[in-house]
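# Breakdown of the fold
Listed here are the chains, written in short residue letters.
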Amino acid sequence: MEKKLSVSAIKQGTVIDHVTAGNALRIVRLLDLPSGKKQVTVGLNLPSIAFGYKDIIKVSERELTADEANKIAILAPRATINIIKNYKIIKKFKVQIPETIQSVIICPNPVCVTNNEKITTFFYAQQKKYTILLRCKYCLKEYSPDKITEYHT
Amino acid sequence: MFKNKSIISIKDLSRQEILQILKTTQALKKNPKPKLLEGKIMASLFFEPSTRTRLSTEAAMLRLGGKVIGFSDPSSKKKDSLYDTIKIVSNYSDVIAIRHSLEGAAQLASEAAGVPVINCGDGSNQHPTQTLLDLFTIQETQKKINYLHIAMIGDLKYGRTVHSLANALTHFNSRLYFVAPESLQMPHEILNDLKVKGIKYSLHEKIEEVIKKVDILYMTRIQEERFPDKLEYERVKNVYVLNKKFLEEAKHSMKILHPLPRVNEIDLDVDSTKHAYYFEQAQNGLYARQAVLGLIMGKL
């Protein structure tokens, strides 16, 4: 049987694979992908052997930097970034949670000053083996990533 | 070490720094320095009502020879952003004391201000000078700060004073006892933190279970204003009322502390016992805040 890609291959650019199912559109907004006028293809709820379901994002003619990739780590901690040239993967790396995360997460604490004043949110990320703990610099509350439900996207 | 340092959370202070503040507090209690901050101005910005903290912080500044400007009227909340307000006020003053209902407000203030900021309470988050005066009082009454047995009683879930105190006591190898109804017990994050730092603690529902063992009984008020559920408040508000009878089995040197105000949790008949120390504790707030002011303004 002929093997077919669910999302068509790109000649040049970046493939963000193994995105947590349901988060691809948030990442598209977070990285402001449509503004570059480059072709962006998104696949939602694709079957994944490892995770059951996954999302995938393909951006033509744009190479994602490691910093940009790490910015999405909170939304897709298991994502893989593939840099493509002439339909071939020339670089592949996993996202890494940065030590600090600015202006991405909305603090879930309604009485946190960041939800009431016009300021950039700031979180410290602490990785303990396979769990991540996010601490708001302002209200000092700590959250696991599944408690974060809103993003500045 | 302290010059121009903002005091936002007790967690920002190392053991060494805490001990230095306690030493300075003791020195100022013994030998007042009425001219130390002459010519300096403190802006006292109380966006939320407060009696003890505001008066003792302002009195601390005045007793060191400084002057105080500011407001204590919550209606003075205008439409200005907090950031802008602090930016402007820091041009008028040498230090800012702030209380605000929003958690993290003092951190934001310290980023906006060009002068050091003292957090006098940001919602149910942090109130570091309360913790410093508590530590000072514990040390004063027990003549030491390490290896003490300390019970915290009442609202351990919403009470910021007990959160900060438990955190600070991790520097001093305390044995902690948390006495509260299940719904008001110490939050898991704090218990986890204690576990990680190797601090021994136990959870209790009755004061009788701990009274014989402890050096300090730290009572707290069940704070109606912090309760999201008023029914739950009605259910637990009078669950602990300390009276003379409880104290019969206590150690002679055991002292009762309370951040005040009290509602019903300490019977008036306890006030005359040798164990009551909460009014002296409140007075120590004056000296602890003097120490903080003198240190962060680089005068001590």
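Chain B carries the name Aspartate carbamoyltransferase in an unreviewed UniProt entry. Under the Catalytic activity (unreviewed entry) heading, UniProt states for chain B: "carbamoyl phosphate + L-aspartate = N-carbamoyl-L-aspartate + phosphate + H(+)". In UniProt, chain B has this text filed under Subunit (unreviewed entry): "Heterododecamer (2C3:3R2) of six catalytic PyrB chains organized as two trimers (C3), and six regulatory PyrI chains organized as three dimers (R2)."

Per an unreviewed UniProt entry, chain A is named Aspartate carbamoyltransferase regulatory chain. Check the Sequence similarities (unreviewed entry) section of the UniProt entry for chain A; it says "Belongs to the PyrI family." The UniProt entry for chain A carries the following comment under Function (unreviewed entry): "Involved in allosteric regulation of aspartate carbamoyltransferase."

## Structural notes on the overall build of chain A
Within chain A, the regular secondary structure consists of 2 helices and 9 strands. The order of helices and strands in chain A, counted from the N terminus, is β-α-β-β-α-β-β-β-β-β-β. Relative to the globule expectation of 15 Å for 153 residues, the C-alpha radius of gyration of chain A, 16 Å, shows essentially globular dimensions. Overall, chain A is about 55 × 35 × 25 Å in size when its C-alpha atoms are taken along their principal axes. The long-range fraction of contacts in chain A, counting pairs at least 24 apart against all pairs at least 6 apart in sequence, stands at 58%. Computed over 24 positive and 13 negative side-chain charges, the inter-centroid distance for chain A is 4 Å.

## Here we look at the domain arrangement of chain A
In terms of domains, chain A is made up of domain 1 (13-94) and domain 2 (100-147). Spacing between the C-alpha centres of domain 1 of chain A and domain 2 of chain A amounts to 23 Å.

## A short note on the nonpolar core
B:Leu135, B:Met152, B:Leu176, B:Phe178, B:Met186 and B:Leu293 are the most contacted members of the largest nonpolar core, which has 60 residues in total. Looking at this core, the element that brings in the most residues is helix H9 (residues 278-296) of chain B, giving 7 residues. In this structure, this core is formed jointly by two domains, domain 1 (10-126 + 285-296) and domain 2 (128-282) of chain B, each of which donates at least three residues. Ignoring anything within four residues of it in the chain, the contact list for B:Leu293 reads B:Leu37, B:Met42, B:Thr57, B:Ala60, B:Met61, B:Leu64, B:Val95 and B:Ile118. By size, the runner-up hydrophobic cluster in this structure holds 58 residues, among which are A:Ile57, A:Val113, B:Leu45 and B:Val115.

Conventions adopted
- Residues numbered from 1 in each chain as written.
- Chains lettered and ligands numbered in written order.
- Predicted model: local features only at pLDDT ≥ 70, side-chain atom pairs only at ≥ 80, totals over all residues.
- Heavy atoms only, no water.
- UniProt positions renumbered as here; feature names shortened; annotations may be inferred.
- Helix = DSSP H or I, 4+ residues; strand = E, 2+ residues; numbered from the N terminus.
- Rg over C-alpha atoms; globule rule 2.2 N^0.38 Å.
- Contact = heavy atoms within 4.5 Å.
- Lys, Arg positive; Asp, Glu negative; His and termini not counted.
- Charge placed at Lys NZ, Arg CZ, Asp CG, Glu CD.
- Domains from an automatic or database assignment.
- Core = buried A, V, L, I, M, F, W, Y, C linked by side-chain atoms within 4.5 Å.
- Buried < 20%, exposed > 50% of the residue type's maximum accessible area, 1.4 Å probe, protein only.

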